[in-house]
Amino acid sequence: MRHYLLALLSISVLLCSNAVAQSNKKPVKGYNIAITIDNSKDSMLYLGSYYLGDTYAIDSAARDKKDTYTFANKEKYLMPGLYFFTNKKGNFVEFVNFREEMKKVQFHTKAADWEKYITVKGSQQNAEFIDYKTESAKLSAHGRTPNRGEADSLKEAFIRNHPDNMLAMMMNATRPIIVPVVNEKGDTLSQRERNLYYVTHYWDNVPLNEDFLTRTPKSIFVQTFRDFVDKVLRGGTPADLI
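So, how was this worked out
- Residues numbered from 1 in each chain as written.
- Predicted model: local features only at pLDDT ≥ 70, side-chain atom pairs only at ≥ 80, totals over all residues.
- Heavy atoms only, no water.
- Helix = DSSP H or I, 4+ residues; strand = E, 2+ residues; numbered from the N terminus.
- Areas by Shrake-Rupley, 256 points an atom, 1.4 Å probe, with all protein chains shown as cover.
- Salt bridge = Lys/Arg side-chain N within 4 Å of Asp/Glu carboxyl O.
- Buried < 20%, exposed > 50% of the residue type's maximum accessible area, 1.4 Å probe, protein only.
- Axes fitted to C-alpha atoms, helices over the stretch in contact; angles between N-to-C directions.
- Parallel < 35°, antiparallel > 145°, perpendicular 65-115°, else oblique.
- Left-handed = near helix turned anticlockwise from the far one by under 90°.
- Contact = heavy atoms within 4.5 Å.

A. Here's a closer look at the overall build of the chain. Of the regular secondary structure elements, the chain holds eight helices and eight strands. Counting every atom, the chain has about 14,100 Å² of accessible surface; 52% of that belongs to carbon and sulfur.

Pasting the structure below:
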């Protein structure tokens, strides 16, 4: 129980530190994000955001004569996180807002397939994000089913080559904790020792100091936190944890 309380104290300190960090950071006020969708029939498009596992519409834009939708607000803060464009039909394409001024960002795609044809100007984070999505889509092109190794290799390469990209941090946050079977001396670890290792290292891959975490899909942070509460803080047995 003492180890669980220490784990709870640790996560509480980290979350509080994150809250303080957010209050001390000064996000850039205002944004101007445009997306052109060739041959679009939608009169209106919506800008959406994830928050604590749910999705919300936070802005809307009308189509102009060039099939462009411009989301602009000089006063509102667009906090770091994963965002998306969507319409009433349910089409959507995601983008990241992380460590960049989102004031002159221009996306371009085609109505036939938003995800397939998406490009961007004015955002390195999103250029890398789109490149990964494109390479990932190639694995399943022409109805082909990619094997687990190919997908994992692509993901690991992206995490390794783009450690400061928000997508890489999100993917790294979902990595499972590998619990050793033996210690440094080669002695076999008991179930209790392995359990303690798991609890101690549970948050190793999650960037708790980054405030984008709360604005991501459920699987990135919310479910990870719920699992921690259900498995660790509510008295799960060692066998339940790993």
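Here the narrative resumes, following the displayed structure.
B. Up close: the pattern of salt bridges. Counted under the stated rule, the structure contains eight salt bridges. In this structure, Glu75 and Lys29 form a salt bridge, with 3.6 Å as the shortest nitrogen-oxygen distance. Of the two residues, Glu75 is situated in strand E4 (residues 68–77) and Lys29 in strand E1 (residues 29–38); the sequence distance between them amounts to 46 residues. Overall, Glu75 belongs to the exposed group, its relative accessible area being 54%.

C. Structural context of the packing of helix H3 (residues 124–138) against helix H4 (residues 148–161). Direction vectors running N to C along H3 and H4 enclose 165°, while the axes themselves pass 11 Å from each other. The angle between H3 and H4 places the two elements in the roughly antiparallel class. Between H3 and H4 lies a crossing whose hand is right-handed. Two secondary-structure elements touch here, H3 through Glu128, Tyr132, Glu135 and Ser136 and H4 through Leu154, Lys155 and Phe158.

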